[in-house]
Every structure is written in structure tokens, then in C-alpha cells.
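Descriptive structure summary
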Amino acid sequence: MSERSSSQSSARPNLWRRIPLWQKIIAGLVLGVLAGALMGEQASMFKPLGDIFINGIKMLIVPLVFSTLVVGITGMRDPQKMGRVGARTIGLYLVTTAFAIVIGLVAATIFQPGVGADASMSATPQTGEAPSLVDIVVGLVPANPLQAMIEGNILQIIVFAIGLGISLMLIGEKGEPVVRVFESFAEAMYKLTAIVMAFAPFGVFGLMANVSGQYGLDVLLPLAKVIGVVYLACIVHVLVVYTGLLSLVGRLNPVRYLQGIIDALVVSFSSASSSGTLPVSIRCAQKNLGVSEGVSSFVLPVGATINMDGTAIYQGVAALFVAQLVGADLSMMDYGMIVLTGTLASIGTAGVPGAGLIMLSIVLAQIGLPLEAIGVVAGVDRILDMARTSVNVAGDLMVTTLVGKSEKELDLDVYNRPGKA
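I will try to describe carefully the structure that is included in this document. Fair warning: this is a prediction, and the values are worked out from it, not measured in the lab. (Residues numbered from 1 in each chain as written. Predicted model: local features only at pLDDT ≥ 70, side-chain atom pairs only at ≥ 80, totals over all residues. Heavy atoms only, no water.)

**Looking at the overall build of the protein**
To keep things clear, this is the line we draw: Starting at the N terminus, helices and strands are each numbered in turn, a helix being any DSSP run of H or I of at least four residues and a strand any DSSP run of E of at least two. In this analysis, two residues are considered to be in contact whenever any of their non-hydrogen atoms come within 4.5 Å of each other. Note on areas: these come from Shrake-Rupley sampling with a 1.4 Å probe, and a residue is covered only by the protein chains present in the view.
A count of helices and strands for the protein gives 21 helices and zero strands. Within the protein, contacts between residues separated by at least 24 positions form 84% of all contacts whose residues are at least 6 apart in sequence. Of the roughly 18700 Å² that the protein leaves accessible, carbon and sulfur atoms contribute 65%.

**Re the environment of Pro-201**
Filter applied, for reference: Only protein chains enter the accessibility calculation, which uses a 1.4 Å probe. A residue is then buried if its area is under 20% of the maximum for its type, exposed if over 50%, and partly exposed in between.
Topologically, Pro-201 is positioned in helix α9 (residues 200-214). According to the relative accessible area criterion, Pro-201 is buried, its value standing at 5%. Once you skip the residues sitting within four places of it in the chain, Pro-201 turns out to touch Leu-21, Lys-24, Ile-25 and Gly-28.

**Some remarks on helix α4 (residues 79-111)**
Condition: In this scheme, a helix's expected span is set at 1.5 Å multiplied by one less than its residue total.
Given a rise of 1.5 Å per residue, 33 residues ought to cover 48 Å, and the 48 Å separating the end C-alpha atoms of α4 matches this to within 8%. Just downstream of α4, Gln-112 is the residue with a positive phi angle, here 50°.

**Overview of the packing of aromatic side chains**
Heads up, the rule is: Geometry of aromatic contacts follows a simple scheme: Phe, Tyr and Trp rings, the Trp one being its six-membered ring, pair when their centres are within 6.5 Å, and the pair is stacked under 30 degrees between planes, edge-to-face over 60, tilted otherwise.
Enumeration according to the criterion identifies five aromatic pairs in this entry. On the numbers, 5.6 Å between centres and 0° between planes, the contact of Phe-66 with Phe-160 is stacked. Here Phe-160 lies in helix α7 (residues 154-170) and Phe-66 lies in helix α3 (residues 47-76), a separation of 94 residues in the sequence. In this structure Phe-160 comes out as partly exposed when scored by relative accessible area, which is 31%. Between Phe-66 and Phe-182, the ring centres sit 5.7 Å apart and the planes meet at 70°, which makes this aromatic pair edge-to-face.

**Focus: the pattern of salt bridges**
Counted only if it meets this: For this document, the term salt bridge refers to a Lys or Arg side-chain nitrogen within 4 Å of an Asp or Glu carboxyl oxygen.
As enumerated under the stated definition, the model contains five salt bridges in all. Measuring nitrogen to oxygen at the nearest pair gives 2.9 Å for the salt bridge that ties Arg-84 to Glu-407. Placement of Arg-84 in helix α4 and of Glu-407 in the loop between α20 (381-406) and α21 (412-415) is noted, with a sequence separation of 323 residues between them. Here the residues in one salt-bridge network are Arg-84, Arg-88 and Glu-407, joined through shared partners.

**Some points on the nonpolar core**
Put simply, the test is: Residues belong to a common nonpolar core when they are buried Ala, Val, Leu, Ile, Met, Phe, Trp, Tyr or Cys residues joined through side-chain atoms within 4.5 Å.
Core analysis: the biggest nonpolar cluster contains 115 residues, and Phe-53, Met-197, Tyr-257, Phe-298, Ile-338 and Leu-397 have the highest contact counts within it. Take this core: its biggest share by element is 14 residues, from α3. Beyond its immediate chain neighbours, meaning those up to four positions away, Phe-298 contacts Leu-69, Ile-73, Met-76, Met-82, Val-85, Gly-86 and Ile-162.

**Some details on unusual backbone geometry**
Not every positive phi belongs to a glycine, and Gln-112 is a case in point at roughly 50°. You can see Gln-112 is positioned in the loop between α4 and α5 (133-140). Gln-112 gets classed as partly exposed once you look at its relative accessible area, which sits at 31%. In this model, Arg-251 sits at a positive phi of 55°, which is unusual for a non-glycine residue.

**Some words on the packing of helix α16 (residues 309-326) against α20**
The relative placement of two packed helices is expressed as an angle between their axes plus a distance between the axes. This is how the line gets drawn: The axes are straight lines fitted to the C-alpha atoms, using for helices just the contacting stretch, and the angles between their N-to-C directions are given from 0 to 180°. Roughly parallel means an angle under 35 degrees; roughly antiparallel, over 145; roughly perpendicular, 65 to 115; everything else is oblique. The residue classification treats Ala, Val, Leu, Ile, Met, Phe, Trp, Tyr, Cys and Pro as nonpolar and Asp, Glu, Lys and Arg as charged. All others, Gly included, are polar.
Contact pair α16 / α20: the axes reach a minimum separation of 6 Å and the direction vectors enclose 130°. Compared by their axis directions, α16 and α20 come out oblique. In contact with Asp-309, Gly-310, Thr-311, Ile-313 and Tyr-314 of α16, α20 contributes Asp-381, Leu-384, Arg-388, Val-391 and Asn-392. In terms of residue class, the contact of α16 with α20 is made up of four nonpolar, three polar and three charged.

**Observations regarding a nonpolar patch on the surface**
Heads up, the rule is: Surface patches are drawn from residues lacking salt bridges whose relative accessible area is over 30%; two like charges belong together within 9 Å, two nonpolar side chains (Val, Leu, Ile, Met, Phe, Trp, Tyr) within 5 Å.
Taken together, the side chains of Val-102, Val-106, Ile-110, Phe-111, Leu-232, Ile-235, Val-236, Leu-239 and Val-240 define a hydrophobic patch exposed on the protein surface, amounting to about 760 Å² of accessible area. At the level of secondary structure, the elements contributing two or more residues to the nonpolar patch comprise α4 and α11 (224-248). Considering every element that reaches the nonpolar patch, the biggest residue donor is α11, with five residues. With respect to the helices and strands, the residue Val-236 is situated in helix α11.

Laid out in C-alpha cells, this is it:
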């Protein structure tokens, strides 16, 4: 009897380990939504589970980005290669952002989410101010690298890590001991990421239960149409633009890409944070997609700060939503200005809290629409942010895969492996 019970108890952990992580996370997400819908605001009791998970992810960001970026730079061993990778990365991010805004505009033109909406729902939101170009450039260089790490300023950390990596590369053998330390530290951070991710199903459950309980039907129904249009445009962007680029440019199977990024998508959707999902994205890129450590460690942190495709889609939909709401007719010049302003503003507001609303205020100001109308969608910004962030993360991983393929640093055996972990 005791032997049977012990064999049953040992089989349960083995069964749990055999279930792919993404399936566990999806289960946590679905159960969280159901718990929130059934319990309402009482579902906030599960919020600590989500907070613990998010804190664990945030704990990883700075040491993981710093160590992997230094290792990535030193692993390239060629400053020209780094410049080439950087140029391709930024170029791809800008191109996909422009596509994203156009898709948002087309979707809003077809479905007319602002027609018949109640403008009385609006309230003046706190959008903050977008920094000037000079402030952005000056702010890239950290006066105190340790302070940048304490504050979690990813752009400044990237600049310092690139500078340190190049310096270690240039001093040759004298830098090898330090490089080995960073390599060991990066491996330790990968293992710590795996440990934190084991808690992901429970954390995602807590996050989604809280969000689902907080946003009831009374809040969502009046804006269901604009929410639906944003989500539809986001799905189209991933399934058409991203998979299209992988198929046509990279000659890669897009289904394998979608299978490989699902862990990062679920975490980004539930947390609504590109930077917070970065440890999971790095893990997916290397373990599931087969991108080299050097490329993924460089491209993904850059993407987490400047790639805002999901937010760009939101700009296109929200700008037309506001125009339809107030009865304004937009010219072709206005449409062109939305695409241009939204694309450039995606970099200008990178890493700024509330970047989505700041970008929207810039776009609306350029085409002469009232900024007060931002308040109509500000109430459900968290719901929209979940979709925006998922697209941003999917874009980061698509660009990382394409750059890895172009640099011949993509392990096709890993990429084409069926049944991603």
C-alpha cells in the first residue's frame, strides 16, 4: 500500500514537469479570467501572487540585460559587425512600426469605432510631456552607471554595457578574465530566469484574476468596439507582417516562430510590460528560436526600449476614433502625418512611463484634434496595453530572429524543432 502511494506521488511531479510551460501559463491565464469574472473585486485577493511574479521578473531585468549585453558584444569580436547588427535592428523596428500604424488606420477606417460612441465618458488624462531630442541624446549617457542600474534606466544601461563590452574586446587577452566572469554570471541569470518562470502559471493567474475582477462589463461594454478593433489590428499585424517578413525575407517557417514565442506573449499580455518580459524573451530567443547569445543579447534589450509596434497600432486606431468621435474629417496629409509622427514618436518616447498616452497626445496635436478626447480611452488603457505589449514583444523576437538569420547566427535545428518547450 505504501509502495503504491509513493509511486503515485512521484508520478504527479513528473506529469507536471512533462506539461509544456506555455500550456501551464495559458491555463493560469484562463483560470484567472474566470476567477475574476466570478468573484469581481474580491478577486484582488489573488493579486499578491501576481505581484510576487512581477517582482521576480523585475529582479532579473538589470543584471540579465547588463551581463548578457556585455557577453553579446564581446562575443561578436568585431565592432563593424556590431554596427551592422545595430543598423539592421533599428531599420527593421522603424519599418514594422510604420506598417503597424497603417494597419491601425485601416482597421479604424473599416470598423468606425468612434461612430456612435459617447463623448461624455471623456476626462482629462495625465499624459506627461515627451522629452526633446536633445534631452533624449544627453540622457543616453549615464552620469552614474550604478544609479542607472538602481533606477532601472534600460537605455543608459545598454549604452554603458556596449561601451564596456567594446572596451573589453579592444584590450584583448587582458579582458578575458573579466569576460569569463560575465559569461558565468550570465549563465547564472539564465538559470535564475528558469526558476522564476516555474512560478509563472501562478503569477499569471493572480494578475489576470485581479484585472478581470477590476474591469467588469460596465466599464468594457461602452468601449468594446475600440477594444475589439485594437485587438484585431494587433492580431493581423503579428500574423501578416511578422510572419510575412519571416517567410519572405528570412525564408523561415512562421509557425515555428509562433510556437517559440508563446511563453513571452502570455507573460507580456498579463504583465503589460515589455521590459518586464525581457528575461522571458531572451530565454525564448535562445532556447526556442535558436538565436545566438550575442545577437539576442543585443537586439532584444534595444527592442524593449525603442520598438513600439503595438503602441503604434493603438495610435492609428485611437487617432481615427477621436476624429470620428468629434466628427472631424481627416485629409490624406493628416493620415500621412499620423504615420510619420507616430513612427518617430515611438523612439522619442521610448522608456517614458505612460508612453502610449504621450505618443497619442503628440499625434493628436499634429493633426489638430482635441487632447481632452484621450480620456475616452484612458479608462481602459490597461486592457489595451496588454495587447500593445504583446505585439511589441512579438516584434522584438521577430526582428531578433531575422537579424540572427542574416548574421548566420540562427541555429536552424533549434528553430525547426517541433514542440517548443
